[in-house]
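Residue-level listing of the chains:
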Amino acid sequence: MTSAASNSLSTRLLAGERFALARMISWAENSNSRFPEALEAIWSRVGRATRTGVTGPPGAGKSTLVNELCALIREEERTVGILAVDPSSPLSGGALLGDRIRMEDRTADAGVFIRSMASRGSHGGMARSAVDAMDVMDAFGMHDVLVETVGVGQAEYDVVAAADTVLVVLCPGAGDGVQAMKSGLLELADVIAINKCDLPGADRLTSDMTEAVHLRTAGRDLWAPPVVQCSAGKREGVDDVLAAIKTHREHLKDQLDSHRRRKRIQQVRQVVGERMEEALWEEGDLAEQVEAILRTGTTPYATASNVTQSLLRTASGNQAKGIQA
Ligand SMILES: Nc1nc2c(ncn2[C@@H]2O[C@H](COP(=O)(O)OP(=O)(O)OP(=O)(O)O)[C@@H](O)[C@H]2O)c(=O)[nH]1
Ligand SMILES: [Mg+2]
């Protein structure tokens, strides 16, 4: 039953049915038990899309820029999948609706698929389902996948970090540049867009960011993210942003496979972590052992050390049996 359902959904997805695309992303989002099998059925088609993560402070103009980038990419006859991860924060709780309205002119286009994903209450699971959604759009045959997150939390970072190229969007005002440097956004950036260049302060922010990039990368064997000005709202400079994204992809070229594999290791690491945690605490045994240790007056930390060491000893005993490839 399970197998038949996931088979037919993956078959329909590979046949180009948008309904199947939407449905399979929902499976990923809801951690449907049929998803892993469905992903397996489409896995050979994953890896063809270019993936760009777009992040930055709330209101910087990420959605507007994504919308305009999408328009340019469409002119190249390439199809686009867009994933907007809604932070559901009180600050930008209304953003999703706004995004929908602004992107409306794209939704009639069969070469574009837009999906929002809520991050509320889903903890680390959000990053996983976002990566799954990108894989599904990729297998469906979207040439370019763009994912937008607000650069606020670890889960949002994890999402964009899974992309090939990370575009950080900043805009003048509200000390965004300083914030970006403090929050480690710049370390993540492959391209930096200074949006809203029609507003005062854009040149200053551009030179500050250029300087910050220089300080970080000069004399080191590191990619120096280009700092590109644009006004997505006025449809200006968006082509320069797209060109910078392409330059970064060109730079990756030979390293793309290893670059992606490194990101997959992160993904596997996360899933292994989640499964180990579940498996460990599923049965009551471990909780009982912990309670017994605590009852002797041991501190939580000493108890944790005791338990961890005992688990690691068991694991290394089992390691002799090896991991099946
Ligand atoms: N002046 C000016 N305003 C812009 C520009 N680009 C976007 N905006 C405006 O900035 C506001 C926020 O734009 P969004 O695209 O929603 O920004 P966002 O980064 O996606 O916002 P969140 O998803 O809520 O974090 C909107 O009112 C846009 O119209 C621009 O180039 N110049
Ligand atoms: Mg947005």
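Residues numbered from 1 in each chain as written. Chains lettered and ligands numbered in written order. Predicted model: local features only at pLDDT ≥ 70, side-chain atom pairs only at ≥ 80, totals over all residues. Heavy atoms only, no water.

Caption draft 1: Here's a closer look at the side chain of Asp-164. Topologically, Asp-164 is positioned in the loop between helix H8 (154-161) and strand E5 (165-170). Sequence-distant contacts of Asp-164, defined by excluding residues within four places in its chain, comprise Ala-49, Thr-50, Arg-51, Asp-190, His-248, Arg-249, Leu-252, Leu-256, His-259 and Arg-260. (Helix = DSSP H or I, 4+ residues; strand = E, 2+ residues; numbered from the N terminus. Contact = heavy atoms within 4.5 Å.)

Caption draft 2: Fine view of the nonpolar core. In terms of nonpolar packing, the biggest core is built from 34 residues, with Leu-13 and Leu-83 touching the most fellow members. Mapped by element, the contributors of at least two residues to this core are helix H1 (2-14), helix H2 (18-29), helix H3 (35-42), strand E2 (80-86), strand E3 (112-118), helix H7 (125-140), strand E4 (144-148) and H8. Built from parts of two domains, this core gets at least three residues from each of domain 1 (1-45) and domain 2 (47-256). Ignoring anything within four residues of it in the chain, the contact list for Leu-13 reads Ala-20, Leu-21, Met-24, Ile-42, Val-136, Ala-139 and Phe-140. Listed in part, the 24 residues of the second largest apolar core include Val-66, Val-228, Ala-232 and Leu-242. (Core = buried A, V, L, I, M, F, W, Y, C linked by side-chain atoms within 4.5 Å. Buried < 20%, exposed > 50% of the residue type's maximum accessible area, 1.4 Å probe, protein only. Domains from an automatic or database assignment.)

Caption draft 3: Summary view of the coordination of the magnesium ion (ligand 2). All of the protein donors around the magnesium ion (ligand 2) are Ser-63 (OG) and Glu-148 (OE); their distances to the metal are 2.1 to 2.2 Å. Placement of Ser-63 in helix H4 (residues 62-75) and of Glu-148 in strand E4 is noted, with a sequence separation of 85 residues between them. Its relative accessible area of 8% is what places Ser-63 among the buried residues. According to the relative accessible area criterion, Glu-148 is buried, its value standing at 8%. (Donors = N, O, S within 2.8 Å, 3.2 Å for Na, K, Ca; no water.)

Caption draft 4: A look at the sheet that holds E2. Taken in spatial order, the 7 strands make up an open sheet running E3-E2-E4-E1-E5-E6-E7, and their pairing is parallel. In the strand order of this sheet, the two ends are held by E3 and strand E7 (227-229), each with one partner. Between one strand and the next, the sheet's axes are offset by a mean angle of 20 degrees, whatever the strand orientation. In this sheet, E3 lies alongside E2 in parallel orientation, the contact comprising 7 bridges. Following the sheet pairing, Asp-86 is matched in E3 by Ala-118. Sheet contacts for H8: strand E1 (50-55), E4 and E5; angle to E1, the most-contacted strand, approximately 150 degrees. Relative to E5, helix H12 (residues 238-252) is tilted by about 150 degrees, and along the sheet it contacts E1, E5, strand E6 (191-194) and E7. (Pairing = 2+ DSSP bridges. Axes fitted to C-alpha atoms, helices over the stretch in contact; angles between N-to-C directions.)

Caption draft 5: Representation of a nonpolar patch on the surface within the structure. Among the surface-exposed residues, Val-268, Val-272 and Met-276 lie close enough to one another that they form a single nonpolar patch of about 280 Å² accessible area. Looking at the secondary structure, you find Met-276 in helix H13 (residues 256-282). A residue is classified by how much of its surface remains accessible, and Met-276, at 52% relative accessible area, is exposed. (Patch = residues over 30% accessible without salt bridge, like charges linked within 9 Å, V, L, I, M, F, W, Y side chains within 5 Å. Areas by Shrake-Rupley, 256 points an atom, 1.4 Å probe, with all protein chains shown as cover. Salt bridge = Lys/Arg side-chain N within 4 Å of Asp/Glu carboxyl O.)

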